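Coordinate analysis (summary)
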Amino acid sequence: MKDLTPGVSPYTNDSERIRNLIRREQERSAEIEAIRAALIEGEASGEPRRFDAAAFKQRMLAEHG
């Protein structure tokens, strides 16, 4: 990482800045797509069921001690 002195750009030229912006946008798009895929998977998984915390704790204790 380059020096982040106030008023001084960490980029050596415009092309470097543009590449960084494109890379960040691609990462952001990939994250949004992963969230969309997870939402679709959740919707396709069927009707929600009630969560029984006590039964879950018992199951975990039985399986993992």
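Residues numbered from 1 in each chain as written. Predicted model: local features only at pLDDT ≥ 70, side-chain atom pairs only at ≥ 80, totals over all residues. Heavy atoms only, no water.

The terminal C-alpha atoms of helix α2 (residues 53-64) lie 16 Å apart, and with twelve residues this matches the ideal 16 Å at 1.5 Å per residue to within 8%. The buried count for α2 comes to zero of twelve residues, which makes it a mostly uncovered element. Its side-chain oxygen 3.2 Å from the backbone nitrogen of Ala54, Asp52 forms the N-cap of α2. Phi for Gly65, located one or two positions after α2, is positive at around 75 degrees. (Helix = DSSP H or I, 4+ residues; strand = E, 2+ residues; numbered from the N terminus. Expected span 1.5 Å × (residues − 1). Buried < 20%, exposed > 50% of the residue type's maximum accessible area, 1.4 Å probe, protein only. Polar contact = N/O pair within 3.5 Å; in protein donor to acceptor, adjacent residues only side chain to side chain.)

Inspection of the entire model under this criterion finds one aromatic pair. Ring centres of Phe51 and Phe56 lie 5.5 Å apart, and the angle between their planes is 50 degrees; on these two criteria the pair is classed as tilted. Phe51 gets classed as exposed once you look at its relative accessible area, which sits at 63%. A residue is classified by how much of its surface remains accessible, and Phe56, at 33% relative accessible area, is partly exposed. (Phe/Tyr/Trp six-rings, centres within 6.5 Å; stacked < 30°, edge-to-face > 60°.)

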